[in-house]
Amino acid sequence: MEPDADYQLTVGSITDSSKLLIVGDTSSSQSAKLYVYNLAVWESHVPHQMINQLIGMSKYEFHCLSSADVCWSFEYPKRIRPRYQLSPTGVSFIRDRHHQGRGVCLNGVRSGISLFGISATRCPADPSACANGLVVGMWLKLTRVTSSRNSGYLLSVGATDPGERGVSLFQSITGIHVKVVEARIMWQTDIKSSWLTFDRWMYLGIVWSGQEQYLTVSIDGKKMPTLLSHTKGKYRAHDVSSLTLGKSSQSDSDFLTACYDDVTILSPKVGDHLPSPNTLTGEPDFEPYLSADEHFDVNDPDGSVKGEHYSATKNRFDVENSSVDTGVPGSPLGYINLGDFAGRCVSDPSLCSDAGLSISVWIKVDNMDHFADPLVNPGGVGYILSSGAQSANGTGLSAFYSRDKFLYVQVLDGQRKWFSKFEYELGRDWLNFGTSWSREKGLLVILDGHVKGNDPVGEPLVRTMDSFTTLILGKRNDRNTSYLGGAFDDPAIWYQALDKDDPNLEDIIMGKYIDDIVETVNYDDLDDESPDRAQPSCKIIHEADCAKTMQQLLDVIKGEIILSADAAESSTNSLMRFTSEGSTLSSSELDLAVSVIDKLSKRQLATTLDDVTAEAILEDFLEVTSNLLDPVFTKKWVALHKTKAGVTSLMESVETFAADVAGRLVWNSQVLLNTSHILMTMDVVSEDYFISEVEAIFPRHGQRWETLEDKWRNMDDYVTIPKEVFHSEINKNFAFDGSLVFTWYDSLNKMAPVVSTNNFVLMGGKSLSINSNIMSVMIEPKIQHKLTKPILVTLNHHKLVTKSKPETPVCAFWNFDVLHTINGAWDREGCEVQSTSQTQTQCLCYHMTHFAIVMEPLQEPVYDEHAVVLRWLVRCLVGVSVFCLVVLIVTYVVSKRLHTLRHSIHLNLCLACLLASVSFAMSEFTSNSQVLCLVNGATMQCFYLAVILWLTMESFQLYSDTAAGGIKTNDATEGFAVWRNRMGFYMIGGWVIPAVTVGSVLGVSLNVYKPQRYVL
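Since we're looking at a predicted model, the values are computed, not measured. (Residues numbered from 1 in each chain as written. Predicted model: local features only at pLDDT ≥ 70, side-chain atom pairs only at ≥ 80, totals over all residues. Heavy atoms only, no water.)

Draft legend 1. Quick look at the overall build of the protein. Helices and strands together make up the secondary structure of the protein, namely 14 helices and 47 strands. Taken over 1016 residues, the protein has a buried fraction of 49%. A separation threshold of at least 6 residues defines the contact pool for the protein, and within that pool the share at least 24 residues apart is 70%. Total accessible area on the protein stands at roughly 49400 Å², and carbon and sulfur atoms take up 53% of it. (Helix = DSSP H or I, 4+ residues; strand = E, 2+ residues; numbered from the N terminus. Buried < 20%, exposed > 50% of the residue type's maximum accessible area, 1.4 Å probe, protein only. Contact = heavy atoms within 4.5 Å. Areas by Shrake-Rupley, 256 points an atom, 1.4 Å probe, with all protein chains shown as cover.)

Spelled out as structure tokens, the structure:
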């Protein structure tokens, strides 16, 4: 096309002029010159809430443009956005924080960005011209400044030279210095380095008001406790007409390394309010059901929603006061009135267009006892919603649930009736109930995004009048009966039927955001200016970029025999989109995400990796895994674990991928990565590390550790590893080099399964609970033998452990190899508690895996009547036995006539029986102490063994006496003299041999005499 020439652009049928869309008709005398940058045609309705799609923007960029005077988003094409100019070198584009658009990075070497659209004499170049203050906001990914040579301007528009007006942000070792200079006053404050996050996106907001005399700073919506200073003087104007990023606005100096996105300037008009620092998050508020024609906020006191006997409660995201409950215990049952729909499609479907009608609402019912009350719920049914159609005499739509666990839905338009009934059990979790109807498609009943019932045809009816036209949630709309007594949230209406074959059906009906632009017509002449989706066009790198659902993403990467780097990057970016903050994934989608993560953990990697490359590879992988471990998904993970591996598979995938990366690290590398719910460190070490120490404590805290979030930086979990771990078991002179990998999960304790091996006490009504972070310890390459010396694992308790609680802390690890389980169980073999307190437990473990402190219920023996009788019977018999033995021993000692060899043997036998009986009696009182149990168990074995040996020797002596005829003599003293020289051997056999035997057992293992977890 030639410049400045007029053209007619025609879209549609060339043969049928009535079907043409003409832009810029040059045949008319009123012709106009048009610049066409983007042309797209949608063959579907675009709701007004999603108007951003019509201008080719994501909801994030649209929020940026609509909430500020100027927004530089750095998206393509530039011609329809505020202008900017990049320096010739040192600039690169990267994916933005949502992986749906792009940001821009400066390398700090003669690089910068000039943002146009401001004037040197207007705000913000001259803050004196800001009539009602100034707001500056931007997304940043900062690099830590380690020396004064790396310091530079983050942003500047003047205010770089002394006495100059303008606004500047200067980053140095100590943090960011903020300066706002107007004609008479210079305002300054400092943002400390410890408040900043580095190498991750953060949103920085600056709010200044000269009239109200304040300058505030917020980071990610949190106001910082800055100190404000102001200096009066006379400050000169300047001629800078652009806002500069990454260097001084006045000269090519003070360059800075940083990444930027969505830089905004706002100067409210007089009378408007400046935004509070806490609202500066850089993100649009999450608005569900953007595709709906009507969406109701059930908890808005100023909204159209009314009702009776309801109260605010948590919604499905566990946000307080965000939904309503009509079944509050102790109060009358209530309902919600969404308004009167007289003369409209909702109350009379005969007035609906051919497109039809769809309604969705979230419900939760905790108690159904009132269903049995014939006054409140005649017929034992409770209505989910009703706009009429309670009987054949009405019109509208109704849905109700019966106590026999059936769900009924019907639509009546006065001429036909569409009806669906199916068995379904309402649980205590939130359920999305949806229904869709049109004359052509019939009735669909949709639960949690899946079609459960339908009636495509319906049956004829005789038309009647219906005077009840309100849309009610929680009861009939024609009388005060049939209450559901449940909680409700996010009711929404579409004035069109939904397609059961639509791949986005679940997302639409459950209120998820669908940020797609479907081009049905596009012309070659416009390819260079194709509609910007605010996300990479298909296919930009790999087919995985085109996946719109989790299932599609899994199907794409399943087709890859070996996952290439491009496929892994695209899959990770798509997974990041699906799991970003605000996502509402179902249990089935979580399971699909686990499969995708498993596939990503087996991607191709380079032969060797340095620490920078390793961090880049691991960062996105850990980020998407961390997103899946958000506490909002806890209930869904717990439900999923009944049939699937769930989070334990995620643990295994993280371990697999981390081991692969760690095995390729070059010497002296150190990796430190943290996400919202995962912290990982990697250290390449060898025996040389232990030259001066016999053990080392990990993780190693250094300068980078101090940049972590408070919850990670203040964490006191650690592992002490002895030097011997790095010795080969075969050749003691061979030193082992390897990578130590440590991973902490701070949210897994509430999600992980509590299934355990038989090494734990499990009692009816009680189960195990996890009371610490879950920590993974691993060496790559793996040590193929049991550790010769245990590692010491120290884990802090999430909840204080007190003696008043009927549970005890136990050192446990997740054993992936337990038979007859889905993916393993908690085990304790090879780990033992070294010490424990209220706040932490230290464990000695002879292997490396995933560790946690598990609270084991204390065993509470319950004896039946027979057991009590038996216990007292044993006590009495042991008492009688001890008494008789004492009398017999005294008799043998006092009577000289019984001082013979045979009676001496019998005396020792009685003594052994006495000591064994006393040891047996003491076992009842020593079983609760590991030390006392050890002593008593060894003593009992020794004395019972002595009893057996003395019995054996007495039998031998009786046989010898009989065979020698010694019993013929009447002289008891002399008759057995011939055998008296054997007594020394008998003493050795009766006392020394049992003592040596027990001592040998103790020398081999102390665990032989540990307390047994059985009630006899």
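Draft legend 2. Quick look at the packing of aromatic side chains. Overall, the coordinates contain 14 aromatic pairs when judged by the stated rule. A centroid spacing of 4.5 Å and a plane angle of 45 degrees characterise the contact between Phe 621 and Phe 657, whose relative ring orientation is tilted. Within this pair, whereas Phe 621 is found in helix H6 (residues 611-628), its partner Phe 657 is found in helix H8 (residues 647-662), the two being separated by 36 residues in sequence. Neither Phe 621 nor Phe 657 differs from the other in exposure class; each is buried. Three or more aromatic residues link up through ring pairs in this structure, and these residues are Tyr 383, Phe 400, Tyr 408 and Phe 419. Between the NZ or CZ atom of Arg 875 and the centre of the ring of Trp 872, over which it lies, the distance is 4.5 Å. (Phe/Tyr/Trp six-rings, centres within 6.5 Å; stacked < 30°, edge-to-face > 60°. Lys NZ or Arg CZ within 6 Å of the ring centre and 35° of its normal.)

Draft legend 3. Structural view of the confidence of the model for the protein. On average, residues of the protein carry a pLDDT of 82, and 84% of them reach 70 or more. When the criterion is pLDDT under 50, residues 1-20 qualifies, and its contacts beyond four places in sequence or with other chains add up to 34 contacts. Confidence drops under a pLDDT of 50 for residues 728-735, and excluding neighbours within four residues, the segment shows eight contacts in the predicted structure. (pLDDT = per-residue confidence, 0-100.)

Draft legend 4. The pattern of salt bridges, seen in detail. As enumerated under the stated definition, the model contains 22 salt bridges in all. One salt bridge in this structure joins Arg 476 and Asp 478, with 2.9 Å as the shortest N-O distance. For Asp 478, a relative accessible area of 22% gives the class partly exposed. (Salt bridge = Lys/Arg side-chain N within 4 Å of Asp/Glu carboxyl O.)

Draft legend 5. Focus on the state of the cysteines. Following the criterion strictly, the structure yields six disulfides and no others. There is a disulfide in this structure between Cys 345 and Cys 352, and the S-S distance comes to 1.6 Å. Here Cys 345 and Cys 352 share a disulfide; its torsion about the S-S bond, 80 degrees, makes the bridge right-handed. Accessibility expressed as a relative area gives 9% for Cys 345, which makes it buried. For Cys 811, the disulfide goes to Cys 843, at an S-S distance of 2.0 Å. The S-S bond linking Cys 811 to Cys 843 shows a torsion near -85 degrees; that makes this disulfide left-handed. Placement of the pair is Cys 811 in strand E43 (residues 807-815) and Cys 843 in strand E46 (residues 840-845), with a sequence separation of 32 residues. As a non-bridged cysteine, Cys 913 has Cys 910 as the owner of its nearest cysteine sulfur, 6.4 Å distant. For Cys 913, a relative accessible area of 23% gives the class partly exposed. (Disulfide = S-S within 2.5 Å.)

Draft legend 6. Just the sheet that holds strand E45 (residues 831-836), in detail. Strands sit in the order E37-E38-E42-E46-E45 across an open sheet of five strands; the sheet is antiparallel. With partners counted over all chains shown, the strands left at the sheet margins are strand E37 (695-698) and E45, one partner each. Neighbour to neighbour, the strand axes of the sheet diverge by 20 degrees on average, direction disregarded. Bridge count between strand E38 (residues 718-722) and strand E42 (residues 791-796): three bridges; the pairing is antiparallel. Residue pairing across strands places Val 719 opposite Val 793, the latter belonging to E42. (Pairing = 2+ DSSP bridges. Axes fitted to C-alpha atoms, helices over the stretch in contact; angles between N-to-C directions.)

Draft legend 7. Structural detail: the pairing of strand E23 (residues 335-340). By the bridge criterion, three bridges tie strand E20 (residues 306-308) to E23 in an arrangement that is antiparallel. Counterpart to Gly 307 in the pairing with E23 is Ile 336. Of the strand pairs in this sheet, E23 and strand E33 (residues 470-473) are connected by three bridges, and their pairing is antiparallel. Bridge pairing in E33 links Ile 336 to Leu 473.

Draft legend 8. Summary view of the packing of helix H4 (residues 565-579) against helix H5 (residues 587-600). Look at H4 against H5: their axes get within 11 Å of each other, and the N-to-C directions meet at 155 degrees. Taken together, H4 and H5 sit at an angle that is classed as roughly antiparallel. Crossing of H4 over H5 shows left-handed handedness. From H4, Ala 568, Ser 571, Thr 572 and Leu 575 reach across to H5, where they touch Ala 593, Val 596, Ile 597 and Leu 600. Partitioning the contact of H4 with H5 into residue classes produces six nonpolar, two polar and no charged. (Parallel < 35°, antiparallel > 145°, perpendicular 65-115°, else oblique. Left-handed = near helix turned anticlockwise from the far one by under 90°. Nonpolar A, V, L, I, M, F, W, Y, C, P; charged D, E, K, R; others polar.)

Draft legend 9. Structural detail: unusual backbone geometry. In this chain, Cys 123 is followed by Pro 124 through a cis amide linkage whose omega measures 10 degrees. Omega for the peptide link from Phe 698 to Pro 699 comes to 5 degrees, which places this bond in the cis form. Tracing the sequence through the fold places Pro 699 in the loop between E37 and helix H9 (710-713). The backbone phi angle of Asp 490 is positive, close to 50 degrees, even though this residue is not glycine. Backbone geometry at His 820 places phi at a positive 60 degrees, although glycine is not the residue there. By secondary structure assignment, the location of His 820 is in the loop between E43 and strand E44 (825-827). For His 820, a relative accessible area of 84% translates into the label exposed.

Draft legend 10. Here's a closer look at the nonpolar core. The biggest cluster of nonpolar side chains holds 66 residues, and the ones touching the most others in it are Leu 575, Trp 637, Met 682 and Trp 826. The element contributing the most residues to this core is H8, with nine residues. In terms of nonpolar packing, the next biggest core, distinct from the first, is built from 47 residues, Cys 123, Cys 130, Val 157 and Leu 245 among them. (Core = buried A, V, L, I, M, F, W, Y, C linked by side-chain atoms within 4.5 Å.)

Draft legend 11. Geometry of the pairing of strand E41 (residues 774-780). Most of E41 is tucked away: seven of the seven residues are buried. Because side chains alternate across E41, one face comprises the buried residues Ile 774, Ser 776, Met 778 and Glu 780, and the other comprises Met 775, Val 777 and Ile 779, equally buried. By the bridge criterion, two bridges tie E41 to strand E47 (residues 850-857) in an arrangement that is antiparallel. Paired with Met 775 across the bridge in E47 is Phe 851.

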